[in-house]
Amino acid sequence: MALKVELKPNERIIIGSVVIRNDEQRTRFFIEGDAPILREKDILTAASADTPAKKIYLAIQLMYLEQDPTHEHEVFFELVRDFLQAAPSALPHVHEINNCILSSELYKALKAAKKLIAYEAELIENAKRV
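Summarised in this report is the structure supplied together with it. Computed from a predicted model, the values in this text were never measured in an experiment.

1. Considerations on the overall build of the protein
Within the protein, the secondary structure is distributed over four helices and five strands. Secondary structure of the protein in N-to-C order comes out as β-β-β-β-β-α-α-α-α. Taken along its principal axes, the extent of the C-alpha atoms in the protein is 50 × 35 × 25 Å. Buried residues in the protein amount to 35% of all 130 residues. For the protein, the proportion of contacts with a sequence separation of at least 24, taken over those separated by at least 6, is 47%. Element-wise, carbon and sulfur atoms account for 54% of the exposed surface of the protein, whose accessible area totals about 8500 Å².

2. Some details on the packing of aromatic side chains
In the structure shown here, the tally under the stated rule is two aromatic pairs. Ring plane angle 50° and centroid distance 5.8 Å describe the contact between Tyr64 and Tyr107, whose orientation is recorded as tilted. Here Tyr107 lies in helix H4 (residues 106-129) and Tyr64 lies in helix H1 (residues 52-65), a separation of 43 residues in the sequence. Under the relative-accessibility criterion, Tyr107 is labelled partly exposed at 36%. Between Phe76 and Phe77 the ring centres are 5.0 Å apart and the planes differ by 70°, which places this aromatic pair in the edge-to-face class.

3. Regarding the environment of Leu62
For Leu62, the position within the fold is in helix H1. Between the C-alpha atoms of Leu62 and Leu44, which are 18 residues apart in sequence, the distance is 9.8 Å.

4. Looking at the sheet that holds strand S3 (residues 18-21)
In spatial order, the strands read S3-S2-S5; together these three strands make up an open sheet with antiparallel pairing. Lying at the two open borders of the sheet, with one neighbouring strand each, are S3 and strand S5 (37-39). Adjacent strand axes in the sheet meet at a mean angle of 20° when their direction is disregarded. Sheet topology places strand S2 (residues 12-15) next to S3; four bridges connect them, and they run antiparallel. Across the sheet, Ile15 pairs through a bridge with Val18, a residue of S3.

5. Focus: unusual backbone geometry
Phi at Asn10 takes a positive value of approximately 65°, unusual for a residue other than glycine. With respect to the secondary-structure elements, Asn10 resides in the loop between strand S1 (3-7) and S2. On the basis of relative accessible area, Asn10 is assigned to the partly exposed category, the value being 30%.

6. Focus: helix H3 (residues 91-102)
For H3, which comprises twelve residues, the first-to-last C-alpha distance of 16 Å matches the rise-based estimate of 16 Å (1.5 Å per residue) to within 8%. Among all positions of H3, only Val94, Ile97, Cys100 and Ile101 are buried. Angular distribution of buried residues about the axis of H3 spans 120°; they occupy a single face of the element. Away from its buried face, by an angle of more than 90 degrees, H3 presents the exposed residues Pro92 and Leu102. Turning to H3, the residues buried within the fold contact H1, helix H2 (73-86) and H4. One or two steps after H3, the chain reaches Ser104, where phi turns positive at roughly 60°.

Criteria and thresholds
Residues numbered from 1 in each chain as written. Predicted model: local features only at pLDDT ≥ 70, side-chain atom pairs only at ≥ 80, totals over all residues. Heavy atoms only, no water. Helix = DSSP H or I, 4+ residues; strand = E, 2+ residues; numbered from the N terminus. Buried < 20%, exposed > 50% of the residue type's maximum accessible area, 1.4 Å probe, protein only. Contact = heavy atoms within 4.5 Å. Areas by Shrake-Rupley, 256 points an atom, 1.4 Å probe, with all protein chains shown as cover. Phe/Tyr/Trp six-rings, centres within 6.5 Å; stacked < 30°, edge-to-face > 60°. Pairing = 2+ DSSP bridges. Axes fitted to C-alpha atoms, helices over the stretch in contact; angles between N-to-C directions. Expected span 1.5 Å × (residues − 1). Arc of directions from axis to C-beta.

Listed below in C-alpha cells is the structure:
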C-alpha cells in the first residue's frame, strides 16, 4: 500500500537519504516501497537540538535515516545515561524509547522521544516555578 503525502508550498521531506523541497504549490504524491520518511515538522537539525531530550531525538532520527543504525547507538546510550542521571523520573519515557529501538521500530522511537521532549519541557517549567 502506498503512502499518500501532501506537501505545502516550500515544505521539505526526507525520503531515504534525499531531501525533497516542494515548489510554490501544494503537491500530492504517493510513495511506494520501504524507505525512512520524515516530514519537515518532524526533522530536527543539530542546531535546533538545544536540550538533552532533543539531542536524544536527533540521535534516534539519525538511526532512523541511516542504513546501519548501530553507528548512533553509542551516542544515544551516552545521552540517555546523562539524561537519566539528571532526571531519573524520565525512566518510563526512556524505557518506551529503548523498547522501540530494540524492536527496530525507530519511527515509533521518534514518537516516544517527542513525549520525552514534552516531559523535559514540563520539568524545566516546574523548576522555574520553584
